[in-house]
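Close look at the chain arrangement
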Amino acid sequence: MNEWYRITNEDEITSPALLLYPDRIEENLRRMVVAAGGAERLRPHVKTHKMPEVVRMALRHGITKFKAATVAEAEMTAAAGAADILLAYPVVGPTAPRLTTLIKRFPQVRWRALVDSDVGIDDLARAADAAGTVVETLLDLNVGMDRTGVAPGPDAMRLARRITESPSLSFSGLHAYDGHLHEPDHARLVEQVEAAFAAVWQLRDELLAAGIAVPLITAGGTPTSFILASRGDVEVGAGTTVLWDCGQPTISPDLDYQNAAVVVARVISKPAPGRLCLDLGHKAVASEMPHPRVQILGLEDATFQLHSEEHLVVETAQADHTPVGTVLYCLPRHVCPTVALHEEAVVVRDGRAVDRWQVVARKRRITI
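Residues numbered from 1 in each chain as written. Predicted model: local features only at pLDDT ≥ 70, side-chain atom pairs only at ≥ 80, totals over all residues. Heavy atoms only, no water.

1. Description of the overall build of the protein
Along its length, the protein carries ten helices and 16 strands. For the protein, whose C-alpha radius of gyration is 22 Å, the value lies close to the compact-globule estimate of 21 Å for 368 residues. Counting only C-alpha atoms, the protein reaches 70 × 45 × 35 Å along its principal axes. Across the 368 residues in the protein, those meeting the buried criterion constitute 55%. Contacts in the protein between residues far apart in sequence, at least 24 positions, make up 69% of those at least 6 positions apart. Of the roughly 15200 Å² of accessible surface on the protein, a fraction of 50% belongs to carbon and sulfur atoms. On the protein, the mean spot of the 38 positive side-chain charges and the mean spot of the 46 negative ones are 5 Å from each other. (Helix = DSSP H or I, 4+ residues; strand = E, 2+ residues; numbered from the N terminus. Rg over C-alpha atoms; globule rule 2.2 N^0.38 Å. Buried < 20%, exposed > 50% of the residue type's maximum accessible area, 1.4 Å probe, protein only. Contact = heavy atoms within 4.5 Å. Areas by Shrake-Rupley, 256 points an atom, 1.4 Å probe, with all protein chains shown as cover. Lys, Arg positive; Asp, Glu negative; His and termini not counted. Charge placed at Lys NZ, Arg CZ, Asp CG, Glu CD.)

2. Considerations on helix α6 (residues 154-165)
Counted at 1.5 Å a residue, the expected span for α6 with its twelve residues is 16 Å, and the 17 Å between its end C-alpha atoms agrees. When α6 is considered as a whole, its buried residues turn out to be Ala 156, Met 157, Leu 159, Ala 160 and Ile 163. Taken down its axis, α6 places every buried residue within 165° of arc, on the same side. The outward face of α6, more than 90 degrees from its buried face, is lined by the exposed residues Pro 154 and Glu 165. (Expected span 1.5 Å × (residues − 1). Arc of directions from axis to C-beta.)

3. Here we look at the pattern of salt bridges
Inspection of every chain in the model, using the stated rule, returns 28 salt bridges. Bridged by salt links that share partners, the residues Arg 43, Lys 65, Asp 84, Arg 110, Arg 112, Glu 136 and Glu 235 form one connected network. (Salt bridge = Lys/Arg side-chain N within 4 Å of Asp/Glu carboxyl O.)

4. Points about the state of the cysteines
In a disulfide, the sulfur atoms of two cysteines are covalently bonded to one another. Using the criterion set out here, one finds zero disulfides in the structure. Left unpaired, Cys 277 is separated from the closest cysteine sulfur, that of Cys 330, by 12 Å. Overall, the relative accessible area of 6% leaves Cys 277 in the buried class. Cys 336 takes part in no disulfide bond, and the closest cysteine sulfur to it belongs to Cys 246, at a distance of 13 Å. On the basis of relative accessible area, Cys 336 is assigned to the buried category, the value being 4%. (Disulfide = S-S within 2.5 Å.)

5. Quick look at the layout of surface pockets
Over the atoms, a rolling probe the size of a water molecule traces out where space has been left empty. The space that makes up the second largest pocket amounts to roughly 230 Å³. Lining the second largest pocket are 17 residues; nearest its centre among them are Pro 16, Ala 17, Leu 18, His 342 and Glu 343. When the residues that make up the lining of the second largest pocket are grouped by side-chain class, the tally is seven nonpolar, three polar and seven charged. (1 Å grid on protein atoms, 1.4 Å probe; cavity = no way out; pocket = protein on both sides within 12 Å on 5 of 7 lines; lining within 4 Å. Points joined across faces, edges and corners; volume = space filled by probe spheres on them. Nonpolar A, V, L, I, M, F, W, Y, C, P; charged D, E, K, R; others polar.)

6. Description of the environment of Pro 152
In this fold, Pro 152 is placed in the loop between β5 (135-142) and α6. Taking the C-alpha atoms as reference points, Pro 152 and Trp 201, separated by 49 residues in sequence, lie 9.2 Å from one another. For Pro 152, the residues in contact, after removing those within four places along its chain, are Leu 141, Asn 142, Ala 199, Val 200 and Leu 203.

7. Quick look at the packing of aromatic side chains
As enumerated under the stated definition, the model contains six aromatic pairs in all. Here the aromatic rings of Tyr 5 and Tyr 329 are separated by 5.2 Å at their centres, their planes lie at 50°, and the arrangement is tilted. With Tyr 5 in the segment before β1 (17-20) and Tyr 329 in strand β14 (residues 327-332), the pair connects residues that are 324 residues apart, well separated along the chain. Across this residue pair, the class does not change: Tyr 5 and Tyr 329 are buried. Their ring planes at 25° and their centres at 6.4 Å tell us that Phe 226 and Tyr 257 sit as a pair that is stacked. Taken together, the positions of Phe 226 in helix α8 (residues 222-228) and Tyr 257 in the loop between α9 (248-251) and β9 (261-269) put the pair 31 residues apart, joining distant regions of the chain. The same class applies to Phe 226 and to Tyr 257, which are both buried. Within the aromatic cluster, the residues linked to one another by ring pairs are Trp 4, Tyr 5, Tyr 21 and Tyr 329. Over the ring of Trp 4 we find Arg 24; its NZ or CZ atom is 3.6 Å from the centre of that ring. Sitting over the face of the ring of Trp 201, Arg 231 holds its NZ or CZ atom 3.7 Å from the ring centroid. (Phe/Tyr/Trp six-rings, centres within 6.5 Å; stacked < 30°, edge-to-face > 60°. Lys NZ or Arg CZ within 6 Å of the ring centre and 35° of its normal.)

8. Digging into the pairing of strand β12 (residues 303-307)
It is a general feature of regular strands that their side chains alternate between the two faces of the sheet. With four bridges connecting them, β12 and strand β13 (residues 312-315) associate as antiparallel partners. Across the sheet, residue His 307 finds its bridge partner in β13, namely Leu 312. Connecting β12 to the next strand, β13, in antiparallel fashion are four residues. (Pairing = 2+ DSSP bridges.)

9. Quick look at the side chain of Asp 178
With respect to the helices, strands and loops of the structure, Asp 178 is situated in the loop between β6 (169-177) and α7 (186-209). Although Asp 178 is buried, it forms no salt bridge, and the closest oppositely charged side chain is Lys 67 at an N-O distance of 8.1 Å. A polar atom in the side chain of Asp 178 sits 2.7 Å from the side chain of Thr 224. Those residues in contact with Asp 178 that sit more than four places away from it in its chain are Val 143, Phe 197, Gly 220, Gly 221, Thr 224 and Leu 228. (Polar contact = N/O pair within 3.5 Å; in protein donor to acceptor, adjacent residues only side chain to side chain.)

10. Considerations on unusual backbone geometry
Residue Pro 16 is reached from Ser 15 by a cis peptide bond, and omega for that bond is 0°. Look at the link from His 291 to Pro 292: it is a cis peptide, with omega at 5°. Examined against the element boundaries, Pro 292 turns out to sit in the loop between β10 (275-278) and β11 (294-296). Positive phi outside glycine occurs at Lys 50, with the angle close to 65°. Locating Lys 50 in the fold gives a position in the loop between α1 (22-36) and α2 (52-60). At Asp 146, a position not held by glycine, the phi torsion is positive, near 60°. Checked against the element boundaries, Asp 146 lands in the loop between β5 and α6.

So this is what it looks like as structure tokens:
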């Protein structure tokens, strides 16, 4: 069995801990560039990893454009050397002046913001005007997820016109996230993408007919990104592909990426026959998903009985042969929020933990 995840200096690592494998991250970045048809087609989301070292790895692969969900993520990405950053979260309230402060601090970066409402447009325009800058602004579209965005149609056209009419904003294009589309069957997923985005292409045509240029369309989540990339006029925002997890293959079986993030845990107790208690509570692995929230490598038969703040109790036929103190390696079901639970990641090279990277942008505020 290929135990690629195992490290030789387990006794030096306090559990629970997040392990990262840079050689696997490098390979995932290479595959992303190939799948997208070129690095210029990619705008990966940094919320997956939140680390400047990973941004710099992407830059070495020619990826220069990124998405961020928070001002802290955007600041981390700019400081790491990114050339083009989209704050892919509707700008409302104090976020607007924080963003314009960031724009002034990193003038070498091409900044873009996202709005989907009159309030967002007003807040961003006021902040841009006060900062003496013009903010490139994308209109966020709702293509069926019903989380953020305005539905393509008359109201979207009206908001786009409002952006173009603002002296402090520049209409930069359209953004659409389709996180509700995760059909495992590729042919059906293609059909769903075509149906969801038909109104986006129609809106783009209507904007062009009205004399409003649409310089950029950025769209897609991990399952759909490389379908949308085939259009040639869309840049795509897959993020999970950088680290991968054990949940994504169940909804994207056609994507081929390597697990590059593992949570290490220990058996801390054997409270009853057939049961193991791990130090892998809600604080160490994302708990928003139903069980199984992790895949325990080597204990694939484990069933999950209790998950609390500091503990994970499982049942397994291998309990008798798994003593207290055993080190276990676990693939998170959802890697992005799992990374956000850790202040640092332990870096593994050639089977040994050799370094630590700070998860810088897990903070809500770095300096701005």
